[in-house]
Amino acid sequence: MSLIMTYIGSKGCVMAADKRSIGFLGDKNQRELLEEDLYSGKIDSDEKLLKRARELDINLKISDQGEKIRNLGKVLVGEVKIRATHETKRKRIYTTTNGYHQVELTGSEIQNVKSGQSSIVIFGNKITKEIAGKSLKKHFKSKISLNEVGKIFQKVMEDVAEATPSVSSEHDIFIIHPQMDHKQAMELLRTTIISDVKELEKWRNKLKEDMLAQRRDIQMASRIITQGEVGRVKKVEGDVVEVILSDGVEALNMDWNVLAKPGDTIFMKIENPSPLNLGDLVVIEDENLCIKKNKTSLSCDIILCKTD
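Residues numbered from 1 in each chain as written. Predicted model: local features only at pLDDT ≥ 70, side-chain atom pairs only at ≥ 80, totals over all residues. Heavy atoms only, no water.

If you check an unreviewed UniProt entry, the protein chain appears there as DUF2121 domain-containing protein from Methanobacterium subterraneum.

Now the structure itself:
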């Protein structure tokens, strides 16, 4: 879905990328048909893409806000992603003056590295690479400045966007010109990749932790009591009410840690002074914590849940 073009020279480097991302929602076989039509060049406009999607009953989520390249100061980084069933594969290019590394990753594990000193490298699907290659041959000249390369990349981006809806007319272009030889470039790129992949690993681990936490929150939230018996009054002192938890009821804190089990005592507060008797039933009715016999409201700073 991406087009990333990189020029690596002795004076610096230029990188350009479109900003489009497309999500396909619908039957797997129908999605594959639509993708085949798109990437083979049969579909050459946004209008035709939307029409073909309707014919195949596929919903599209199109965004032109993607950021596929980054400027790290002395290094430019471009990335395309391929999402598989269980893992995300990434193909990255790290560039600076007089050097580049192409890196293939599965998750945050480096699978393959290809290096070079000067080149023009294009990431994209078959049709975008084909159109971009023809456009580059048409516009590119030898011995031109980095700014002129940037202008040519901009023109190529426009040409490709006119020929296929798999990329957008919106794009980013970065130009950098740090001074270094090939040996210095390779060392800078090596240390940058190590640092960048470590950050990716940290991000992936944090994402996994957040997803697990969200899943646990959903599971635990389903256990919160919104209707039914909670316990019985054991003791009352002023506005403090001691309650013995009923069978099948436990008290948890905001981190879902168990504070009290069935048969244990917890403390609640009575909202308005009212005569209570030992053994009075405490319930939650319509999500309100109260004494069942007279609906006297109670409050507590814990979560009341059903046991597993």
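S.K.: Hey, could you run me through the pairing of strand β1 (residues 3-8) in this one?
M.R.: Moving residue by residue along a regular strand, the side chains alternate between the two faces of the sheet. For β1, the buried fraction is high: 6 of the 6 residues fall into the buried class. Judged by which residues are buried, β1 turns out to be covered on both faces: Leu3, Met5 and Tyr7 on one side and Ile4, Thr6 and Ile8 on the other are all buried. As paired strands, β1 and strand β10 (residues 119-124) are joined by 6 bridges and run antiparallel to one another. By the bridge assignment, Met5 is partnered in β10 with Ile122. Note: β1 against strand β2 (residues 13-18), 5 bridges, orientation antiparallel. Residue Thr6 lies in a different strand from β2, and its bridge partner there is Met15. Between the end of β1 and the start of β2, which pair antiparallel, lie 4 residues, with Gly12 showing a positive phi angle near 155°. (Buried < 20%, exposed > 50% of the residue type's maximum accessible area, 1.4 Å probe, protein only. Helix = DSSP H or I, 4+ residues; strand = E, 2+ residues; numbered from the N terminus. Pairing = 2+ DSSP bridges.)

S.K.: I tried to follow the sheet that holds strand β13 (residues 240-245) on my own but got confused; where do I start?
M.R.: Sheets are built from strands that pair by backbone hydrogen bonding, the pairs being arranged parallel or antiparallel. On the basis of which strands lie adjacent, the open sheet formed by 6 strands has the order β18-β17-β12-β13-β16-β19 and antiparallel pairing. The sheet is open, and its two borders are formed by β18 (288-291) and β19 (298-299), each paired with just one other strand. Across 6 bridges, strand β12 (residues 228-237) lies against β13 in antiparallel orientation. Note on β13: the bridge partner recorded for Lys235 is Glu242.

S.K.: Explain the nonpolar core here, please?
M.R.: One broad rule of soluble globular proteins: the nonpolar side chains tend to lie buried together. Residues Val230, Ile266, Met268, Val282 and Leu304 are the most contacted members of the largest nonpolar core, which totals 20 residues. Among the secondary structure elements, those contributing two or more residues to this core are β12, β13, β14 (249-252), β16 (265-270), β17 (281-285) and β18. Every residue in contact with Leu304, bar those within four places of it in the chain, is listed here: Arg223, Ile224, Ile225, Val230, Leu245, Glu250, Ala251, Ile266, Met268, Ile284 and Leu289. If you look at the next biggest cluster of nonpolar residues, it comprises 19 residues, including Ala16, Leu136, Val156 and Val167. (Core = buried A, V, L, I, M, F, W, Y, C linked by side-chain atoms within 4.5 Å. Contact = heavy atoms within 4.5 Å.)

S.K.: Which parts of the structure should I look at to understand a nonpolar patch on the surface?
M.R.: Together, Trp203, Leu207 and Met211 line one region of the surface with nonpolar side chains, adding up to about 300 Å² of accessible area. Assignment of secondary structure puts Trp203 in helix α5 (residues 182-221). (Patch = residues over 30% accessible without salt bridge, like charges linked within 9 Å, V, L, I, M, F, W, Y side chains within 5 Å. Areas by Shrake-Rupley, 256 points an atom, 1.4 Å probe, with all protein chains shown as cover. Salt bridge = Lys/Arg side-chain N within 4 Å of Asp/Glu carboxyl O.)

S.K.: Would you take a moment to explain the domain arrangement of the protein chain for this structure?
M.R.: Interface size is commonly expressed as the accessible area that is lost once the parts come together. Split into domains, the protein chain comes out as domain 1 (2-19 + 63-211) and domain 2 (221-304). For domain 1 versus domain 2, the separation of C-alpha centres amounts to 60 Å. (Domains from an automatic or database assignment.)

S.K.: Can you help me understand the pattern of salt bridges in this one?
M.R.: Side chains bearing opposite charge may pair, as long as their charged atoms lie close to each other. Taken as a whole, this structure holds 22 salt bridges when the rule is applied. A salt bridge links Asp46 to Arg20, with the nearest nitrogen and oxygen atoms 2.9 Å apart. Of the two residues, Asp46 is situated in helix α2 (residues 46-55) and Arg20 in the loop between β2 and β3 (21-25); the sequence distance between them amounts to 26 residues. For Arg20, a relative accessible area of 6% corresponds to the buried category. Taking the shortest distance from any N to any O, the salt bridge between Glu79 and Arg92 comes out at 2.4 Å. Placement of the pair is Glu79 in strand β6 (residues 76-83) and Arg92 in strand β7 (residues 88-96), with a sequence separation of 13 residues. Residue classification places Glu79 among the buried residues on the basis of a relative accessible area of 16%. Residue class for Arg92 comes out buried when judged on its relative accessible area of 5%.

S.K.: Quick question: what am I supposed to make of the packing of aromatic side chains here?
M.R.: What describes a pair of aromatic rings is the distance from one ring centre to the other and the angle between the planes of the rings. Applying the stated criterion across every chain yields a total of 1 aromatic pair. Ring centres 6.1 Å apart and planes at 40° place the aromatic pair Tyr7 and Phe140 in the tilted group. Here Tyr7 is found in strand β1, whereas its partner Phe140 is found in the loop between α3 (126-139) and α4 (146-163), with 133 residues between them in sequence. (Phe/Tyr/Trp six-rings, centres within 6.5 Å; stacked < 30°, edge-to-face > 60°.)

S.K.: Got a minute to help me understand the packing of α3 against α4 in this structure?
M.R.: Geometrically, a packed helix pair is captured by the angle between its two axes and the distance between the axes. With their axes 9 Å apart at the nearest point, α3 and α4 run at an angle of 135° to one another. In terms of their interaxial angle, α3 and α4 are classed as oblique. Once α3 is placed against α4, the crossing between them reads as right-handed. Facing α3, whose interface residues are Thr128, Ile131, Ala132, Ser135, Leu136 and His139, α4 presents Ile152, Phe153, Lys155, Val156, Asp159, Val160 and Ala163. A breakdown of the residues in the contact of α3 with α4 according to their chemical character gives 8 nonpolar, 3 polar and 2 charged. (Axes fitted to C-alpha atoms, helices over the stretch in contact; angles between N-to-C directions. Parallel < 35°, antiparallel > 145°, perpendicular 65-115°, else oblique. Left-handed = near helix turned anticlockwise from the far one by under 90°. Nonpolar A, V, L, I, M, F, W, Y, C, P; charged D, E, K, R; others polar.)

S.K.: I'm lost on the packing of helix α1 (residues 28-40) against α2 in this one. Help?
M.R.: For the pair α1 and α2, the least separation of the axes is 10 Å and the interaxial angle reads 160°. By the angle class used here, α1 and α2 are roughly antiparallel. The two elements α1 and α2 cross, and the hand of that crossing is right-handed. Residues Leu34, Asp37 and Leu38 of α1 form the contact with α2, whose participating residues are Leu49, Arg52 and Ala53. The residue inventory of the contact of α1 with α2, partitioned by class, reads 4 nonpolar, no polar and 2 charged.

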